[in-house]
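Summary of structural features
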Amino acid sequence: MASLTAQREQTAALDDAHIDLLTTTAYSVANVRAMEQPLLAKGVPLMRMAARATAHKILQIIEDAPLDPHDIRVSVLVGAGDNGADGLFTGAMLAAQGVNVTAIAVGKQLHEQGFVTFVQSGGHIWTLDPGSRIPGVPTGFSSGEAGQRLETAIRYAKRSHIIVDAMTGIGVRDALQGIPRALAEVLGAFKSDEGSEHKPLVVAVDTPSGIGVDDGTLPGAYIPADITMMFGALKPCAMLPPAAYACGEINLVDFGFDLESAVPGVEMVDADFARMSIHEPKVTDSKYTRGVVGLITGSVQYPGAAVLSTTAAARSNIGMVRYLGPQHAQDLVLQALPEATMGKGRVEAWVVGSGVPGEDTQDIQREAIESLLAHYELTDPAPAESVSDIDGGDVEYSDAQQNEEARNMPPIVVDAGALDLLPRHVPSQVVLTPHANELSRLLTRIDEPVNAAEIEQRPLYFARRAARLTGATVLLKGALTIVVGPDDDSMGRVLVSGRAPATLATAGAGDVLAGMTGALLAQQGDAYLEDPATVPETAAAAAYLHGLAASLASHATQHAWSKPNIVGLEETDADESLGRPIIASDIVRAVPEAFRHLGSMEG
């Protein structure tokens, strides 16, 4: 392992910009393949580097184990491709250190050099496919014996101390089939069974087998990893739910890819990113130049949402809050926030819908929101039509006039009960903030029936679907919050925030996020007119600040997502604390501290 020292020295010399890209951006399989090619052409031994780092990590785990290294059993699930080769070279390095290693071959063949090196190092091979063409191993056995061999392999893997998952890596797009599927079904269920006393530690090679690498889905059977050794660059599955939860602790092996020239598929919001959306007050600012946000939130039925959204907005570094709502909600808002202004006036951003009843409900707030949203509707060429103006009365607009007005309207956050009032086509400064249930209702109304469970299984797909159908920026709430916004790419830019602890899942937290998002958008002035990317970036920054405020309020150190460890650099502390229970009002009170904290923290 002497060469690992040289790798550490090389990694330690990385500049901060490259490290930032390594830990906050993820790249599609196609882009990773493209970034590999120049290095492979130069003869850079990427496979050996990957195996060396993986073996070193496993040897560290073995060193810390309470057992004698010679008593530890390691099973390597090996596919036929390069990922399987990484596993074989890893196994060879472990066997050379005296570790008992058995490679379970799931296909008909193995990487030739990897196989030779593994066997020469003292590793054992167990084949499962009767059509195997691996030299010196049983082949042509009956289907009955094949079933017995599979059962034996599963039994052996379950009893192993460590499983190295090198079946598929980034080479498989769809659900696992055949022998890999059979192994993943049993071992995946075994890992997820809370009643099992002994569970092997699973180390995935590049990515866990069975997950959707580019879209973050779990299309079928998969093996959840405790540790994933990811090579070259992060893959989208490392950030996107639900697959991100199957990756465990991520250790990234830097190959020196030219990340600066590559377009990321997914970007993770961190403190530096969020900080760019905060308007630093100047001595020449007035309350108007610091940003004014208008809110049509809360209702007779749910007045508390008005309080949460307005107080959150007011504490999010802006100059003024304007509130429109029923008298009781106004009274509560003024009691909690005497600085609030009641009624209409100029605003730089709107927040609508939080705490407003859904469709089939008569409510004055719904009428006001519908009137306002009519100004954001983009229409196809058609005769002039009349729409209701927010100030009352009907105004006749031509199609061109209405589209021009819509594109110049201030950003608006459309939450909860306002989502079903959304016009069919809107400009991208309209920010939708649904959770899975709300998005299912929206998509069912404008597209085709889909339920919340389906959205939770494919959140990126459905967030993109909503963005493409409506034209809006979509912030899909969750432990890992996904923001999809406009980009030169037809698929749209994808940002993810994973700063929140589990304690953020509490009633009213969405109202707080809506208010904070509107406040941050109000700080941007009319920047969205020149650069539409301002809107999704600001929405993602609000999600990050929201999670940070929840962490500060609860004293939690847990994050929904943690940056990967870069092999060769000092590892981050993985200890997590849930802290104490909180309510939404606690988050509001912690918002100013989140802004202060963001100015001095990292990560």
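Here, every reference points to the structure presented above.
Described in the following lines is the structure provided in the data block. Throughout this document, residue positions are counted from 1 along each chain, in the order its sequence is written. Selection of residues for local features in this predicted model requires a pLDDT of at least 70, selection of side-chain atom pairs for listing and counting requires 80 or more, and totals for whole chains, interfaces and linings are taken over all residues. Hydrogen atoms and water are omitted, and side-chain values are computed over all heavy atoms in the structure.

Attention now goes to the packing of aromatic side chains. A pair of Phe, Tyr and Trp rings is counted when the ring centres sit within 6.5 Å of each other, with Trp represented by its six-membered ring. The angle between the planes then sorts it: under 30 degrees is stacked, over 60 is edge-to-face, the rest tilted. In this structure the tally under the stated criterion is three aromatic pairs. Between Phe255 and Phe257 the ring centres are 5.9 Å apart and the planes differ by 80°, which places this aromatic pair in the edge-to-face class. As far as burial versus exposure is concerned, Phe255 and Phe257 are alike and both buried. With a centroid separation of 4.9 Å and an interplanar angle of 80°, the aromatic rings of Tyr461 and Phe462 are classed as edge-to-face. Taken together, the aromatic side chains of Phe231, Phe255 and Phe257 make up a single cluster linked through ring pairs. Buried residues are those whose accessible area, probed at 1.4 Å on protein chains only, stays under 20% of the maximum for their type, while exposed residues exceed 50% and partly exposed ones sit between those limits.

Residues Pro241 and Pro242 are joined by a peptide bond in cis, for which omega reads 0°. Helix and strand labels come from DSSP, where a helix needs a run of H or I of at least four residues and a strand needs a run of E of at least two; each type is numbered from the N terminus. Structurally, Pro242 is set in the loop between strand S7 (227-231) and strand S8 (249-253). At Ala416, a residue that is not glycine, the phi angle is positive and equals roughly 45°. Along the polypeptide, Ala416 turns up in the loop between strand S16 (412-414) and strand S17 (430-432). Overall, Ala416 belongs to the partly exposed group, its relative accessible area being 22%.

Okay, the pattern of salt bridges next. By definition, a salt bridge exists where a carboxyl oxygen of Asp or Glu is found within 4 Å of a side-chain nitrogen of Lys or Arg. Evaluation of the coordinates by the stated rule reveals 18 salt bridges. Between Arg149 and Glu145 there is a salt bridge, with the nearest N and O atoms lying 3.7 Å from each other. Highlighted residues: Arg149 and Glu145, both in helix H7 (residues 143-159), separated by four residues, approximately one helical turn. A salt bridge links Arg493 to Glu537; the shortest N-O distance between them is 2.5 Å. Of the two residues, Arg493 sits in strand S20 (residues 493-497) while Glu537 sits in helix H19 (residues 534-554), which places them 44 residues apart along the sequence. Glu537 gets classed as partly exposed once you look at its relative accessible area, which sits at 23%.

Any link to function would need more than the numbers given here.
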